[in-house]
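Read off the chains here:
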Amino acid sequence: MVNQIKENFNNFMNDNYRKGIILAGGKGTRLRPITFSVCKQLLPLYNKPAIYYPLTTLMLSGIREFLIIVNPGDLNSFKSLLGNGEHLGITISYKIQKKPDGIAQAFTIGEEFIGESCVALILGDNFFYGNSLPDILVKSSKEKEGATIFASEVIDPERYGVVDFDKDFKVRSIIEKPKDPKTNFAITGLYFYDNKVVEYSKLLKPSKRGELEITDLNMIYLKNKELDVTLFGRAIIWHDTGTFDSLFETASLVKSIENKQRSRIGCPEEIAWRMGWINNDELMSSIKKYKGNEYGKYLKDLIYQENMF
(Lines give C-alpha, C1' and ligand atoms only; values in the text may rest on other atoms or scores of the structure.)
Protein backbone atom coordinates (compact mmCIF):
# COMPACT_ATOMS: atom_id res chain seq x y z
CA MET A 1 0.00 0.00 0.00
CA VAL A 2 2.73 2.47 0.95
CA ASN A 3 4.81 1.74 -2.17
CA GLN A 4 1.70 2.42 -4.21
CA ILE A 5 1.12 5.78 -2.57
CA LYS A 6 4.75 6.75 -3.05
CA GLU A 7 4.64 5.92 -6.75
CA ASN A 8 1.39 7.79 -7.30
CA PHE A 9 2.60 10.78 -5.31
CA ASN A 10 6.08 10.94 -6.82
CA ASN A 11 5.48 13.97 -9.01
CA PHE A 12 3.47 15.75 -6.34
CA MET A 13 5.54 15.47 -3.18
CA ASN A 14 7.49 18.69 -3.70
CA ASP A 15 4.30 20.67 -4.33
CA ASN A 16 3.35 20.51 -0.69
CA TYR A 17 0.47 22.98 -0.48
CA ARG A 18 -1.83 20.93 1.74
CA LYS A 19 -1.44 20.76 5.50
CA GLY A 20 -3.09 18.40 7.96
CA ILE A 21 -5.02 19.00 11.17
CA ILE A 22 -5.78 16.22 13.64
CA LEU A 23 -8.54 17.15 16.07
CA ALA A 24 -7.71 15.33 19.29
CA GLY A 25 -9.68 17.34 21.83
CA GLY A 26 -13.08 16.59 23.29
CA LYS A 27 -13.99 15.06 26.63
CA GLY A 28 -14.43 11.41 25.58
CA THR A 29 -17.60 11.17 27.63
CA ARG A 30 -18.81 8.02 25.87
CA LEU A 31 -15.66 6.22 27.01
CA ARG A 32 -15.72 7.16 30.66
CA PRO A 33 -14.42 6.03 33.12
CA ILE A 34 -11.34 5.09 31.04
CA THR A 35 -11.04 8.63 29.66
CA PHE A 36 -11.02 10.32 33.05
CA SER A 37 -7.22 10.09 33.14
CA VAL A 38 -6.29 9.38 29.50
CA CYS A 39 -7.79 11.07 26.43
CA LYS A 40 -9.37 8.70 23.91
CA GLN A 41 -6.83 9.49 21.17
CA LEU A 42 -4.06 8.07 23.36
CA LEU A 43 -5.89 4.86 24.24
CA PRO A 44 -4.39 1.70 22.72
CA LEU A 45 -5.89 0.29 19.53
CA TYR A 46 -4.34 -3.17 19.82
CA ASN A 47 -0.60 -2.40 19.77
CA LYS A 48 -0.47 1.32 18.97
CA PRO A 49 -1.93 4.56 20.33
CA ALA A 50 -5.18 5.48 18.58
CA ILE A 51 -3.66 8.74 17.28
CA TYR A 52 -1.24 6.75 15.08
CA TYR A 53 -4.03 5.67 12.74
CA PRO A 54 -5.37 9.12 11.71
CA LEU A 55 -1.80 10.44 11.60
CA THR A 56 -0.73 7.76 9.14
CA THR A 57 -3.90 8.22 7.09
CA LEU A 58 -2.89 11.81 6.41
CA MET A 59 0.74 10.79 5.88
CA LEU A 60 -0.49 8.46 3.15
CA SER A 61 -1.97 11.56 1.52
CA GLY A 62 1.54 12.98 1.25
CA ILE A 63 0.99 15.54 3.98
CA ARG A 64 4.07 16.48 5.99
CA GLU A 65 2.97 19.51 8.04
CA PHE A 66 0.64 18.77 10.93
CA LEU A 67 -1.24 20.60 13.61
CA ILE A 68 -2.64 18.52 16.46
CA ILE A 69 -5.38 20.24 18.47
CA VAL A 70 -5.55 18.91 22.02
CA ASN A 71 -7.07 19.55 25.44
CA PRO A 72 -4.93 21.65 27.82
CA GLY A 73 -4.19 18.72 30.14
CA ASP A 74 -3.10 16.39 27.32
CA LEU A 75 -0.49 18.56 25.60
CA ASN A 76 2.56 17.11 27.36
CA SER A 77 1.41 13.54 26.70
CA PHE A 78 1.11 14.17 22.96
CA LYS A 79 4.47 15.93 22.87
CA SER A 80 6.05 13.02 24.71
CA LEU A 81 4.61 10.57 22.19
CA LEU A 82 5.15 12.43 18.91
CA GLY A 83 7.45 15.36 19.63
CA ASN A 84 7.88 17.77 16.74
CA GLY A 85 7.75 14.96 14.16
CA GLU A 86 11.39 15.34 13.13
CA HIS A 87 12.05 11.62 13.61
CA LEU A 88 9.34 10.96 10.99
CA GLY A 89 10.52 13.54 8.48
CA ILE A 90 7.47 15.68 9.19
CA THR A 91 6.66 18.72 11.31
CA ILE A 92 4.13 18.64 14.13
CA SER A 93 2.88 21.65 16.03
CA TYR A 94 0.19 21.85 18.69
CA LYS A 95 -2.71 24.09 19.63
CA ILE A 96 -4.97 24.00 22.66
CA GLN A 97 -8.73 23.65 22.37
CA LYS A 98 -9.88 25.20 25.64
CA LYS A 99 -13.47 24.12 25.13
CA PRO A 100 -14.84 21.59 22.61
CA ASP A 101 -17.16 23.85 20.64
CA GLY A 102 -17.51 21.71 17.53
CA ILE A 103 -15.38 20.11 14.82
CA ALA A 104 -15.47 23.22 12.61
CA GLN A 105 -13.75 25.15 15.40
CA ALA A 106 -10.53 23.46 14.25
CA PHE A 107 -10.23 25.94 11.37
CA THR A 108 -10.41 29.05 13.52
CA ILE A 109 -7.98 27.54 16.02
CA GLY A 110 -5.71 26.51 13.14
CA GLU A 111 -6.05 29.67 11.01
CA GLU A 112 -2.45 30.77 11.48
CA PHE A 113 -1.18 27.23 10.81
CA ILE A 114 -3.26 26.90 7.62
CA GLY A 115 -2.09 30.22 6.20
CA GLU A 116 -2.67 30.21 2.45
CA SER A 117 -2.63 26.42 2.13
CA CYS A 118 -5.29 23.86 1.46
CA VAL A 119 -5.96 21.66 4.47
CA ALA A 120 -7.12 18.20 5.46
CA LEU A 121 -8.88 17.54 8.76
CA ILE A 122 -9.20 14.16 10.41
CA LEU A 123 -10.73 13.29 13.75
CA GLY A 124 -8.25 11.75 16.17
CA ASP A 125 -10.49 8.79 17.00
CA ASN A 126 -11.22 7.72 13.41
CA PHE A 127 -9.79 4.61 11.75
CA PHE A 128 -9.57 4.03 7.98
CA TYR A 129 -8.25 0.98 6.18
CA GLY A 130 -8.42 -0.48 2.67
CA ASN A 131 -6.23 -1.33 -0.32
CA SER A 132 -7.89 1.32 -2.49
CA LEU A 133 -7.61 4.01 0.18
CA PRO A 134 -4.19 5.40 -0.94
CA ASP A 135 -5.45 6.18 -4.44
CA ILE A 136 -8.47 8.00 -3.03
CA LEU A 137 -6.32 9.96 -0.59
CA VAL A 138 -3.88 11.05 -3.29
CA LYS A 139 -6.66 12.11 -5.65
CA SER A 140 -8.37 14.12 -2.94
CA SER A 141 -5.13 15.71 -1.75
CA LYS A 142 -4.32 16.95 -5.25
CA GLU A 143 -7.57 18.91 -5.55
CA LYS A 144 -6.93 22.63 -5.16
CA GLU A 145 -10.53 23.87 -5.33
CA GLY A 146 -13.57 23.07 -3.22
CA ALA A 147 -14.06 20.35 -0.63
CA THR A 148 -14.03 16.57 -0.66
CA ILE A 149 -15.70 14.61 2.12
CA PHE A 150 -16.38 10.90 2.44
CA ALA A 151 -19.46 8.87 3.27
CA SER A 152 -19.72 5.27 4.41
CA GLU A 153 -22.76 3.06 4.86
CA VAL A 154 -23.50 2.34 8.52
CA ILE A 155 -26.18 0.62 10.57
CA ASP A 156 -26.65 3.53 12.98
CA PRO A 157 -26.73 6.67 10.79
CA GLU A 158 -28.62 8.66 13.45
CA ARG A 159 -25.26 9.09 15.24
CA TYR A 160 -23.72 11.03 12.34
CA GLY A 161 -24.21 13.62 9.64
CA VAL A 162 -26.18 11.77 6.96
CA VAL A 163 -26.12 12.35 3.20
CA ASP A 164 -29.47 12.79 1.45
CA PHE A 165 -29.48 12.05 -2.29
CA ASP A 166 -31.91 12.97 -5.05
CA LYS A 167 -33.23 10.45 -7.59
CA ASP A 168 -30.04 10.84 -9.68
CA PHE A 169 -27.90 10.03 -6.64
CA LYS A 170 -26.61 13.58 -6.41
CA VAL A 171 -26.16 15.04 -2.94
CA ARG A 172 -29.16 17.13 -1.95
CA SER A 173 -28.28 17.85 1.67
CA ILE A 174 -26.41 16.68 4.74
CA ILE A 175 -28.47 16.32 7.91
CA GLU A 176 -26.77 16.28 11.31
CA LYS A 177 -27.85 13.36 13.51
CA PRO A 178 -31.35 12.98 12.03
CA LYS A 179 -34.03 11.20 14.04
CA ASP A 180 -35.34 9.57 10.86
CA PRO A 181 -32.37 9.16 8.45
CA LYS A 182 -33.27 9.07 4.76
CA THR A 183 -30.15 7.04 3.92
CA ASN A 184 -27.57 4.97 5.76
CA PHE A 185 -24.60 6.93 4.38
CA ALA A 186 -22.80 8.72 7.20
CA ILE A 187 -20.15 11.39 6.75
CA THR A 188 -16.83 10.13 8.08
CA GLY A 189 -14.31 12.11 10.10
CA LEU A 190 -12.00 12.86 7.15
CA TYR A 191 -12.30 16.11 5.19
CA PHE A 192 -10.27 17.84 2.46
CA TYR A 193 -10.82 21.59 1.99
CA ASP A 194 -9.40 24.41 -0.05
CA ASN A 195 -8.24 27.60 1.65
CA LYS A 196 -11.73 29.11 1.67
CA VAL A 197 -12.51 26.86 4.66
CA VAL A 198 -11.11 29.49 7.03
CA GLU A 199 -13.39 32.18 5.60
CA TYR A 200 -16.41 29.86 5.54
CA SER A 201 -15.85 28.66 9.11
CA LYS A 202 -16.05 32.25 10.34
CA LEU A 203 -19.59 32.47 8.93
CA LEU A 204 -20.85 29.66 11.16
CA LYS A 205 -23.15 30.21 14.11
CA PRO A 206 -23.43 27.80 17.05
CA SER A 207 -26.11 25.15 16.60
CA LYS A 208 -28.75 24.23 19.15
CA ARG A 209 -26.08 22.03 20.71
CA GLY A 210 -23.90 25.12 21.11
CA GLU A 211 -21.32 23.85 18.61
CA LEU A 212 -19.88 24.99 15.29
CA GLU A 213 -21.12 22.08 13.21
CA ILE A 214 -18.98 20.58 10.47
CA THR A 215 -22.23 19.74 8.67
CA ASP A 216 -23.08 23.45 8.43
CA LEU A 217 -19.63 24.09 6.96
CA ASN A 218 -20.10 21.33 4.41
CA MET A 219 -23.51 22.74 3.50
CA ILE A 220 -21.88 26.07 2.60
CA TYR A 221 -19.65 24.23 0.15
CA LEU A 222 -22.65 22.28 -1.17
CA LYS A 223 -24.75 25.43 -1.73
CA ASN A 224 -21.80 26.99 -3.56
CA LYS A 225 -21.50 23.84 -5.71
CA GLU A 226 -18.00 23.27 -4.36
CA LEU A 227 -18.57 19.99 -2.52
CA ASP A 228 -17.70 16.49 -3.66
CA VAL A 229 -18.98 13.56 -1.59
CA THR A 230 -17.04 10.35 -2.24
CA LEU A 231 -18.79 7.15 -1.21
CA PHE A 232 -16.59 4.50 0.34
CA GLY A 233 -17.32 1.04 -0.99
CA ARG A 234 -17.15 -2.22 0.93
CA ALA A 235 -13.40 -2.45 0.37
CA ILE A 236 -12.73 0.48 2.70
CA ILE A 237 -13.28 0.16 6.43
CA TRP A 238 -14.15 3.17 8.56
CA HIS A 239 -14.60 3.04 12.32
CA ASP A 240 -15.41 5.85 14.73
CA THR A 241 -13.74 4.49 17.85
CA GLY A 242 -15.58 6.74 20.29
CA THR A 243 -17.57 3.94 21.93
CA PHE A 244 -16.52 0.87 23.90
CA ASP A 245 -17.79 -1.52 21.24
CA SER A 246 -16.14 0.28 18.32
CA LEU A 247 -12.88 0.62 20.25
CA PHE A 248 -12.85 -3.13 20.90
CA GLU A 249 -13.93 -4.02 17.35
CA THR A 250 -11.21 -1.86 15.80
CA ALA A 251 -8.50 -3.27 18.03
CA SER A 252 -9.66 -6.80 17.17
CA LEU A 253 -9.62 -5.95 13.47
CA VAL A 254 -6.05 -4.63 13.62
CA LYS A 255 -4.96 -7.70 15.57
CA SER A 256 -6.61 -10.04 13.06
CA ILE A 257 -5.08 -8.35 10.02
CA GLU A 258 -1.60 -8.05 11.49
CA ASN A 259 -1.58 -11.65 12.70
CA LYS A 260 -2.52 -12.94 9.25
CA GLN A 261 -0.08 -10.89 7.21
CA ARG A 262 3.38 -9.57 7.80
CA SER A 263 2.66 -5.87 7.33
CA ARG A 264 1.50 -3.53 10.06
CA ILE A 265 -1.31 -0.96 10.07
CA GLY A 266 -0.81 2.60 11.26
CA CYS A 267 2.97 2.48 11.63
CA PRO A 268 4.25 6.07 11.10
CA GLU A 269 7.95 5.15 11.07
CA GLU A 270 7.39 2.67 8.26
CA ILE A 271 5.37 5.08 6.14
CA ALA A 272 7.92 7.86 6.63
CA TRP A 273 10.71 5.47 5.61
CA ARG A 274 8.90 4.09 2.57
CA MET A 275 7.97 7.59 1.44
CA GLY A 276 11.66 8.53 1.56
CA TRP A 277 11.15 11.13 4.29
CA ILE A 278 13.66 9.36 6.54
CA ASN A 279 16.60 7.15 5.58
CA ASN A 280 17.86 3.85 7.02
CA ASP A 281 20.01 5.55 9.65
CA GLU A 282 17.14 7.71 10.83
CA LEU A 283 14.85 4.70 11.00
CA MET A 284 17.48 2.81 13.01
CA SER A 285 17.65 5.74 15.41
CA SER A 286 13.92 5.36 16.05
CA ILE A 287 14.29 1.61 16.46
CA LYS A 288 16.53 2.14 19.50
CA LYS A 289 13.44 3.20 21.46
CA TYR A 290 11.93 -0.24 20.90
CA LYS A 291 14.85 -2.46 21.90
CA GLY A 292 13.65 -5.98 22.66
CA ASN A 293 10.19 -5.06 21.43
CA GLU A 294 8.15 -6.66 18.61
CA TYR A 295 7.40 -3.25 17.11
CA GLY A 296 11.11 -2.46 16.89
CA LYS A 297 11.87 -5.88 15.42
CA TYR A 298 9.31 -5.26 12.69
CA LEU A 299 10.94 -1.93 11.77
CA LYS A 300 14.41 -3.48 11.80
CA ASP A 301 13.24 -6.30 9.52
CA LEU A 302 12.12 -3.72 6.96
CA ILE A 303 15.71 -2.58 6.48
CA TYR A 304 17.00 -6.16 6.54
CA GLN A 305 14.59 -7.26 3.82
CA GLU A 306 15.41 -4.25 1.66
CA ASN A 307 19.11 -5.13 1.81
CA MET A 308 18.32 -8.74 0.82
CA PHE A 309 16.86 -7.57 -2.46
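In what follows, the structure referred to is the one given above.
Let me sum up the structure you'll find in this document. Treat the numbers as computed from the prediction; the structure is a model and nothing was measured. (Residues numbered from 1 in each chain as written. Predicted model: local features only at pLDDT ≥ 70, side-chain atom pairs only at ≥ 80, totals over all residues. Heavy atoms only, no water.)

## A few points about the environment of Thr148
Then, in step 1: Mapped onto the secondary structure, Thr148 falls in strand S8 (residues 147-153).
Then, in step 2: The sequence separation of Thr148 and Arg18 amounts to 130 residues, and the corresponding C-alpha distance is 13 Å.
Then, in step 3: In this structure, Thr148 is in contact with Ser140, Tyr191, Phe192, Asp228 and Thr230, ignoring residues within four places of it in sequence. (Helix = DSSP H or I, 4+ residues; strand = E, 2+ residues; numbered from the N terminus. Contact = heavy atoms within 4.5 Å.)

## Some points on the packing of aromatic side chains
Then, in step 1: Under the definition given, this model contains 11 aromatic pairs.
Then, in step 2: Members of the aromatic cluster, connected to one another through ring pairs, are Phe107, Tyr191, Tyr193, Tyr200 and Tyr221.
Then, in step 3: When the ring centre of Phe113 is taken as reference, the NZ or CZ atom of Lys19 above it lies at 5.2 Å.
Then, in step 4: Stacked on the ring of Tyr298, the Lys or Arg Arg264 has its end atom at 5.0 Å from the ring centre. (Phe/Tyr/Trp six-rings, centres within 6.5 Å; stacked < 30°, edge-to-face > 60°. Lys NZ or Arg CZ within 6 Å of the ring centre and 35° of its normal.)

## Here's the deal with the nonpolar core
Then, in step 1: Core analysis: the biggest nonpolar cluster contains 49 residues, and Phe66, Ile68, Phe78 and Leu299 have the highest contact counts within it.
Then, in step 2: Beyond its immediate sequence surroundings of up to four residues, Ile68 is in contact with Ile22, Ala24, Phe78, Leu82, Ile92, Ser93, Tyr94 and Lys95.
Then, in step 3: Judged by nonpolar contacts, the second largest core, of 36 residues, contains Ile174, Tyr193, Ile214 and Val229. (Core = buried A, V, L, I, M, F, W, Y, C linked by side-chain atoms within 4.5 Å. Buried < 20%, exposed > 50% of the residue type's maximum accessible area, 1.4 Å probe, protein only.)

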